[in-house]
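Chain and residue survey
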Amino acid sequence: MPMKDRIRVREERILSKGWSTLSTVTFDYHRRDGDWQTLTREVYDRGHGAVILPYDPARGTVLLVSQFRYAAYAAGHTAPMIEAVAGLLDHTSPEETIRREAEEEAGCRIGAARKVFESYMSPGSVTERLTFFVAPYSAADRIGAGGGLVEEGEDIEVLEPTLDEALAMVADGRIVDAKTIMLLQYAKLNHLGG
């Protein structure tokens, strides 16, 4: 039975609609054993996003950013988050998004970006699907300081570790962001960091 025939939404109620939408949804779910079960779930909809890992094959470096993330702070992570460059789609394509965000956040003009995969980061409650990219860059592609947009509350530091240094930051707990870990592992497995 197709999944669309196994779900009957009874009620969807918006709990909050600000930067994103938090809803509670009650639905009937047709189980594999043939029984129907009524479930209620909260769903957080913030739109879809895109993320990119620029890498310099000649120098073996990657471009990352470091910024304050309140949700991580509230959960006990007191250091700024070290992340790959990312952003919400905002009515643009994933590739347009990563190009815009690479210039705004990291001060880097991206050339030939390659889509490597898509992933839901927390599919039990969050609707966001991320499109992941990698792209080569060189020192000549660093066209500005980066730092993000003040009007969006961004205060971003640009980091340029080697791929091995970035992976060491994963191992010692300085990098704890899932999308970044996934792209760094992809880069290592595919020999992108020099």
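Residues numbered from 1 in each chain as written. Predicted model: local features only at pLDDT ≥ 70, side-chain atom pairs only at ≥ 80, totals over all residues. Heavy atoms only, no water.

The chain carries the name GDP-mannose pyrophosphatase in an unreviewed UniProt entry, which gives Nitrospirillum iridis as its organism. On record in UniProt, under Sequence similarities (unreviewed entry), the comment for the chain is "Belongs to the Nudix hydrolase family. NudK subfamily." In its Catalytic activity (unreviewed entry) section, the UniProt entry covering the chain states "GDP-alpha-D-mannose + H2O = alpha-D-mannose 1-phosphate + GMP + 2 H(+)". (UniProt positions renumbered as here; feature names shortened; annotations may be inferred.)

Before going further, it helps to examine the packing of aromatic side chains. Counted according to the given criterion, the structure contains five aromatic pairs. Arranged with centres 6.0 Å apart and planes meeting at 45 degrees, the rings of Tyr 70 and Tyr 73 form a pair that is tilted. Of this pair, Tyr 70 and Tyr 73 both sit in helix H2 (residues 70-74), separated by three residues, roughly a single helical turn. One aromatic cluster in this structure is built from Phe 68, Tyr 70 and Tyr 73. Between the NZ or CZ atom of Arg 8 and the centre of the ring of Trp 36, over which it lies, the distance is 3.7 Å. (Phe/Tyr/Trp six-rings, centres within 6.5 Å; stacked < 30°, edge-to-face > 60°. Helix = DSSP H or I, 4+ residues; strand = E, 2+ residues; numbered from the N terminus. Lys NZ or Arg CZ within 6 Å of the ring centre and 35° of its normal.)

The positions UniProt marks with the feature "binding site: Mg(2+)" (unreviewed entry) are Ala 86, Glu 101, Glu 105 and Glu 154. Over a stretch of 69 residues, the named residues converge on one spot in the fold, their C-alpha atoms separated by at most 12.4 Å. Mapped onto the secondary structure, Ala 86 falls in strand E8 (residues 85-88). If near-sequence neighbours (up to four positions away) are discounted, Ala 86 is found in contact with Ala 50, Val 51, Glu 101, Glu 105 and Lys 179. Tracing the backbone through its elements, the reader meets Glu 154 in the loop between strand E10 (129-136) and strand E11 (157-159). According to the relative accessible area criterion, Glu 154 is buried, its value standing at 14%. (Contact = heavy atoms within 4.5 Å. Buried < 20%, exposed > 50% of the residue type's maximum accessible area, 1.4 Å probe, protein only.)

Let's shift gears to the sheet that holds strand E2 (residues 21-30). Neighbouring strands of a sheet are bound in pairs by backbone hydrogen bonds; such pairs are parallel or else antiparallel. Sheet architecture is open: three strands sit in the order E1-E2-E3, paired in antiparallel fashion. Strands at the two margins of the open sheet, each flanked by one partner only, are strand E1 (7-17) and strand E3 (36-45). Direction aside, neighbouring strands of the sheet carry axes that sit 15 degrees apart on average. Relative to E2, E1 is paired through nine bridges, and the arrangement is antiparallel. Counted as the bridge partner of Lys 17 is Thr 21 from E2. (Pairing = 2+ DSSP bridges. Axes fitted to C-alpha atoms, helices over the stretch in contact; angles between N-to-C directions.)

Let us now look at the pairing of E3. Pairing of E2 with E3 involves ten bridges; the strand directions are antiparallel. Across the sheet, residue Thr 24 finds its bridge partner in E3, namely Glu 42. Two successive antiparallel strands, E2 and E3, enclose a turn made up of five residues, where Gly 34 displays a positive phi of approximately 100 degrees.

Across all of its chains, the model carries 18 salt bridges by this definition. With a shortest N-O distance of 2.7 Å, Arg 59 and Asp 56 are connected by a salt bridge. Among the salt bridges present, the one from Arg 59 reaches Glu 160, with a minimum N-O distance of 2.7 Å. One end of the pair, Arg 59, is in the loop between strand E4 (49-56) and strand E5 (61-62); the other, Glu 160, is in the loop between E11 and helix H4 (163-171), with 101 residues separating them in the sequence. Three or more residues joined by partner-sharing salt bridges are found here, namely Asp 56, Arg 59, Arg 142 and Glu 160. (Salt bridge = Lys/Arg side-chain N within 4 Å of Asp/Glu carboxyl O.)

Helix length check: helix H3 (residues 94-106) (13 residues) gives 17 Å between terminal C-alpha atoms against 18 Å at 1.5 Å per residue, within 8%. Those residues of H3 that fall on the buried side of the exposure criterion are Thr 97, Ile 98, Glu 101, Ala 102, Glu 104, Glu 105 and Ala 106. On its buried face, H3 sits against E4, strand E6 (64-67), E8, E10 and E11. Among the residues trailing H3, Gly 107 stands out with phi positive, at a value near 65 degrees. (Expected span 1.5 Å × (residues − 1).)

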